[in-house]
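Structure at a glance
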Amino acid sequence: EVLRAWHMKPTLADSGSAALVELHKARANSQRFSLILLDVMMPEMDGFTTCIELRKRTDVPIVLLTALNRPDDIVHGFSLGADDYITKPFTFKEVEVRLQAILRRMNWNQERVTQQQVITVQDVMVNDDVHEVTVRGESVHLTPIEYQLLRTLMNSPDKPVSKEDLFQSVWGYNMAGGTNLVEVAMRRLREKVELDPSNPIYLLTVRGVGYKFSTQGISDKVTIR
């Protein structure tokens, strides 16, 4: 009822397997969900396992909803492809802010795609036209959050961006502890982009500030079109 009050049209599923069925039905009818709100504690198939299966089938943003609030649980959720993680207890206002931020980001991404912008920094390319990232000529699968995080940094190579600004730009809202989510997402992004995530050459930490996409030590080939 709360979601309907926000002018959303929810599709309910009482288990992880039921969620997968609903996703299949939507695809069969040429429909697409705007986002998925996923409880971790579910019968038959828990939310973490469901998240893995959903990520194999769709890039729709996934928000995990759970009482598991240890840092390791949050890291685990993001490592499985979740875009956001809401811990209980929570207020409906907090949920609304998070979901509306995701929907705004999706609308902005849709507008940006029409511009067919491609950003290339050395051998890393972000292609908004097909929502694809290639690294050293190989396609790399990123979650929506990872994609937007990489794109934000590549849009201004060698310019440090604070964790606070990254969180505001990528997640679309302000939240205490948001910088921790940036750190988790960056860790995952490095694992997909860097040859040696422990010794990155692109996604560098700027001490006391945040992160930057570096061209130091490599050719400074940068194109945006």
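Above: the structure in question.
Reading the values: the criteria
- Residues numbered from 1 in each chain as written.
- Predicted model: local features only at pLDDT ≥ 70, side-chain atom pairs only at ≥ 80, totals over all residues.
- Heavy atoms only, no water.
- Phe/Tyr/Trp six-rings, centres within 6.5 Å; stacked < 30°, edge-to-face > 60°.
- Buried < 20%, exposed > 50% of the residue type's maximum accessible area, 1.4 Å probe, protein only.
- Helix = DSSP H or I, 4+ residues; strand = E, 2+ residues; numbered from the N terminus.
- Pairing = 2+ DSSP bridges.
- Axes fitted to C-alpha atoms, helices over the stretch in contact; angles between N-to-C directions.
- Contact = heavy atoms within 4.5 Å.
- Expected span 1.5 Å × (residues − 1).
- Salt bridge = Lys/Arg side-chain N within 4 Å of Asp/Glu carboxyl O.
- Right-handed = clockwise from strand over helix to strand, strands pointing away.
- Polar contact = N/O pair within 3.5 Å; in protein donor to acceptor, adjacent residues only side chain to side chain.

Take the packing of aromatic side chains next. Counted according to the given criterion, the structure contains two aromatic pairs. Centroid distance Phe167 to Trp171: 5.0 Å. Interplanar angle 20 degrees. Geometry classified as stacked. Taking relative accessible area as the criterion, Phe167 reaches 3% and is therefore assigned buried. Taking the centre distance of 5.3 Å and the plane angle of 15 degrees together, the rings of Tyr202 and Phe213 count as stacked. With a gap of eleven residues between them, Tyr202 in the loop between helix H8 (178-193) and strand E9 (203-206) and Phe213 in strand E10 (residues 210-213) connect regions that are remote in the sequence. In this structure Tyr202 comes out as buried when scored by relative accessible area, which is 2%.

Each regular strand shows side chains that alternate between the opposite faces of the sheet. Looking at chain direction, strand E4 (residues 118-121) and strand E5 (residues 124-127) are connected through four bridges and run antiparallel. Looking at E5, one finds that Val121 is bridged to Val124. Turn length for the E4-E5 hairpin, with the two strands adjacent in sequence and antiparallel, is two residues, and the turn residue Gln122 shows positive phi of about 55 degrees. Both E5 and strand E6 (residues 132-135) contribute to a ladder of four bridges, which runs antiparallel. Its bridge partner lying in E6, Met125 is registered against Thr134. The antiparallel pairing of E5 with E6 creates a hairpin that spans four residues between the two strands, and His131 there sits at a positive phi of about 50 degrees.

This part takes up the sheet that holds strand E1 (residues 36-39). Taken in spatial order, the three strands make up an open sheet running E1-E2-E3, and their pairing is parallel. If you trace the sheet from one side to the other, it starts and ends with E1 and strand E3 (84-87), each paired once. Strand-to-strand twist of the sheet, defined as the mean angle between neighbouring strand axes without regard to direction, takes the value 25 degrees. Across the sheet, helix H3 (residues 47-57) touches E1, strand E2 (62-66) and E3, and the angle it forms with E1 is around 150 degrees.

Because each turn of an α-helix spans 3.6 residues, side chains separated by three or four positions end up pointing in the same direction. Here helix H2 (residues 16-28) contains 13 residues, and its C-alpha end-to-end distance of 19 Å stays within 8% of the 18 Å for a straight helix at 1.5 Å per residue. Looking only at H2, the buried set comprises Gly16, Ala18, Ala19, Leu20, Leu23 and Ala26. Where H2 terminates, the next one or two residues include Ser30, which has phi positive at roughly 60 degrees.

It is worth spelling out the pattern of salt bridges at this point. Enumeration over the complete set of coordinates arrives at eight salt bridges. Among the ionic pairs, Glu53 bridges to Arg57, the shortest N-O distance being 3.0 Å. Placement of both Glu53 and Arg57 in helix H3 is noted, with a separation of four residues, approximately one turn of the helix. Overall, Glu53 belongs to the buried group, its relative accessible area being 19%. Note that Lys192 and Glu146 form a salt bridge whose closest N and O atoms lie 2.7 Å from each other. You can see Lys192 sitting in helix H8 and its partner Glu146 sitting in helix H6 (residues 144-154), a full 46 residues away along the chain. For Glu146, a relative accessible area of 3% puts it in the buried group.

Before going further, it helps to spend a moment on the pairing of E2. The buried fraction of E2 is high, at five of five residues. Side-chain alternation along E2 places Ile62, Leu64 and Thr66 on one buried face and Val63 and Leu65 on a second face that is also buried. Both E1 and E2 contribute to a ladder of four bridges, which runs parallel. Note that in E2 the partner of Asp39 across the bridge is Leu65. Once the chain exits E1 it traverses H3 before rejoining the sheet at E2, and the crossover so formed is right-handed. Bridging between E2 and E3 involves four bridges; their strand directions are parallel. Looking across to E3, one finds that Leu65 is bridged to Ile86.

What follows concerns the side chain of Ser162. With respect to the secondary-structure elements, Ser162 resides in strand E8 (residues 161-162). Owing to a relative accessible area of 17%, Ser162 belongs among the buried residues under this scheme. At 3.0 Å, the side chain of Ser162 forms a polar contact with the backbone nitrogen of Asp165. Those residues in contact with Ser162 that sit more than four places away from it in its chain are Val209 and Gly210.

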